[in-house]
2 protein chains.
Amino acid sequence: MTDFTMIEAAAGRLAGHARRTPLLSSPLLDEVAGRRVLVKAECLQRTGSFKFRGAWNAISALEPAGVIAFSSGNHAQGVALSARLKGIAAVIIMPSDAPAIKINNTRALGAEVVLYDRENEDRDEIGARLSAERGLTLIKPFDMAEVIAGQGTCGLEIAEQAAEAGVTEGRVFVPCGGGGLTSGIALALEAKAPGLRVHPCEPEGFDDVARSLAAGELQRNAALSGSICDAIVTPQAGEMTWPVIQRLCGAGQVVSDEAALNALALAHDHLKIVIEPGGAVALAAALACEGDGPVIAVASGGNLDRAMMVRALDA
Amino acid sequence: MTDFTMIEAAAGRLAGHARRTPLLSSPLLDEVAGRRVLVKAECLQRTGSFKFRGAWNAISALEPAGVIAFSSGNHAQGVALSARLKGIAAVIIMPSDAPAIKINNTRALGAEVVLYDRENEDRDEIGARLSAERGLTLIKPFDMAEVIAGQGTCGLEIAEQAAEAGVTEGRVFVPCGGGGLTSGIALALEAKAPGLRVHPCEPEGFDDVARSLAAGELQRNAALSGSICDAIVTPQAGEMTWPVIQRLCGAGQVVSDEAALNALALAHDHLKIVIEPGGAVALAAALACEGDGPVIAVASGGNLDRAMMVRALDA
């Protein structure tokens, strides 16, 4: 299980390799939101998402001869670049409906890409088989202690940057798929900023974590595809992430595709950053939520096709 | 005249108020460029451009009762926010063909906006009259020692961040209108990173500085409007900026509108930042230039209408 000591060790491994992404804000965005909103711009992380943190930490800690990963794309790029920088082989298993930019970028980063059908094939089975056949170490997208610890370094930065901005009490909205980023940030804030409480954010129809928190036990999504928020569509939270989320997180926030696209367009206008729909659900929730006080929204990734950005800006 | 001591003093005034913007890069962008390209993301500065630096420094140094400024929009926003944070009045004179987002944002930041016709009216005359009538201090967009010193703080950061990235020799491409940012960065690098040489970058048809450098004396643009790079369309460099540019800068780079739009789209894809056309000319030049070695491109601003981003992404 990931604990705070592992997050601190991860921060040491990431120093000089991952970016310390900025915590952005805009008076014009605050006016739209009707509250102070601080945005942790993880879309500016290497490979365009927070996933580089967990991948780099896991590969640095485990020192494998070669790695294999499955991912809708952001974890894929994080693993591919980390492997290339370490000089080891990377095989990435990706759903065939992932955005072209994610498939192309993963290949361009030197990885071998294996595509599978999200509806009819079991990525875990494919991953296990290839790992065994080729002697590769599986780097899981979220349910792996060193991956969660790596994502937790984002929470360490939030704690410091929020304090610098004078924010020590408030809500932290985090896009949530399998829960690696959500649980990692929650663990970091528990230790470093106990006045900041994490709320997982999900797209409509894929709100398993919000329902799990409400029900008090792990729930599963009915569908496995069909959202524009591809980065955070997963069947359910992980065996390692769910207990942390249940213990530390506040109520889940659920966001429509339209609200995610609107948040993406407002981030373009006021923060000058590019967020993908799945990375925009936390900002969307921050713009719509009730209650007082500042909100910190994590913009977890920015890997989207140009057509999706055009759709958001034309809406 | 601005000197390095004034830039250091400006850095002290800006600490805790301006953002230290990141120096971004991407292996995929390097592949497109065929060289290492580092991008100083000043579009992530407060108000979406570097102009906040000079405005904040000038207002902090001069302590005026109220300010007036003229600008195509980015300087306007920098002055408006600085004045609001200082609790003083701001009147902004803007060309009537400035992008709507710049006019609206300047008003939203609390400033009074006065529009003028770029072809038929003299903004200097209007500024002088209003200054006298209402007792306001004119904050010039570039030809003012404290403004140049403020923009020079961007050069201090480039010197430090480039050294951290292992780059101490190479070209620094800077979008150039009146030359405030160009001369400020050049002065900072002269003192802190003498192996880095600034090259001003301009749009086709508005290449007065490139022609001035080639001719060895100050040249003027024939047209005063008609470029999508509105942020850097000025009649000529300033009396204070030109001597610095002549003494310190390498040859000017001239960029087509199409190349600027392509650079803007590639920054969207690979760096996840939003740049306006005038802010993208340095990156465009970095993608097209000859010769060896790394290039640092300053992305000076990101205030563009949604329609312009759609145009760039649809191209």
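These numbers come from a predicted model, not from an experiment.

With that out of the way, let us pick up the interface of chain A and chain B. At the junction of the two partners, chain A supplies 33 residues and chain B supplies 33 residues. Taking both sides of the interface into account, the surface hidden between chain A and chain B amounts to around 2,800 Å²; carbon and sulfur atoms contribute 61%. Ranking the residues of chain A by area buried against chain B places Leu28, Lys272 and Arg306 of chain A at the top, with a combined share of 27%. The tally of links from chain A across to chain B stands at two salt bridges.

This part is about the state of the cysteines. Under the criterion given, the structure shown has zero disulfides over all chains. There is no disulfide at Cys43 of chain B, and the cysteine sulfur nearest it, in Cys43 of chain A, is 11 Å away. Cys176 of chain B provides the cysteine sulfur closest to Cys249 of chain B, a residue in no disulfide bond, and the two sulfurs are 7.4 Å apart. When its relative accessible area of 6% is taken as the criterion, Cys249 of chain B is described as buried.

Another aspect to go through is the pattern of salt bridges. For the structure shown, the criterion picks out 24 salt bridges over all chains. Between Glu146 of chain B and Arg13 of chain B there is a salt bridge, and its shortest N-O distance comes to 3.9 Å. Of this pair, Glu146 of chain B sits in helix α7 (residues 145-164) while Arg13 of chain B sits in helix α1 (residues 4-14), and the two are 133 residues apart along the sequence. A salt bridge links Arg118 of chain B to Asp97 of chain B; its shortest N-O distance comes to 3.1 Å. Of this pair, Arg118 of chain B sits in the loop between β5 (112-116) and α6 (123-134) while Asp97 of chain B sits in the loop between β4 (89-95) and α5 (100-108); the two residues are 21 residues apart in sequence, bridging distant segments of the chain. In this structure Asp97 of chain B comes out as partly exposed when scored by relative accessible area, which is 44%. Among the charged side chains, a network of salt bridges with common partners joins Lys40, Glu42, Arg53 and Glu157 of chain A.

Interfaces are often sized by the accessible area lost when the parts come together. Residue and element names in this part refer to chain A. For chain A, the assigned domains are domain 1 (4-50 + 145-314) and domain 2 (51-138). Placing the centre of domain 1 and that of domain 2 at their C-alpha centroids yields a distance of 22 Å. Across the boundary between the two partners, domain 1 contributes 32 residues, which contact 24 residues of domain 2. The largest per-residue losses of area from domain 1 upon contact with domain 2 belong to Thr47, Asp230 and Asn303, which jointly make up 23% of the total buried on that side. Note that Glu157 is salt-bridged to Arg53, the shortest N-O span being 2.9 Å.

How each quantity is defined
Residues numbered from 1 in each chain as written. Chains lettered and ligands numbered in written order. Predicted model: local features only at pLDDT ≥ 70, side-chain atom pairs only at ≥ 80, totals over all residues. Heavy atoms only, no water. Contact = heavy atoms within 4.5 Å. Buried area = accessible area lost by both parts, 1.4 Å probe. Salt bridge = Lys/Arg side-chain N within 4 Å of Asp/Glu carboxyl O. Disulfide = S-S within 2.5 Å. Buried < 20%, exposed > 50% of the residue type's maximum accessible area, 1.4 Å probe, protein only. Helix = DSSP H or I, 4+ residues; strand = E, 2+ residues; numbered from the N terminus. Domains from an automatic or database assignment.

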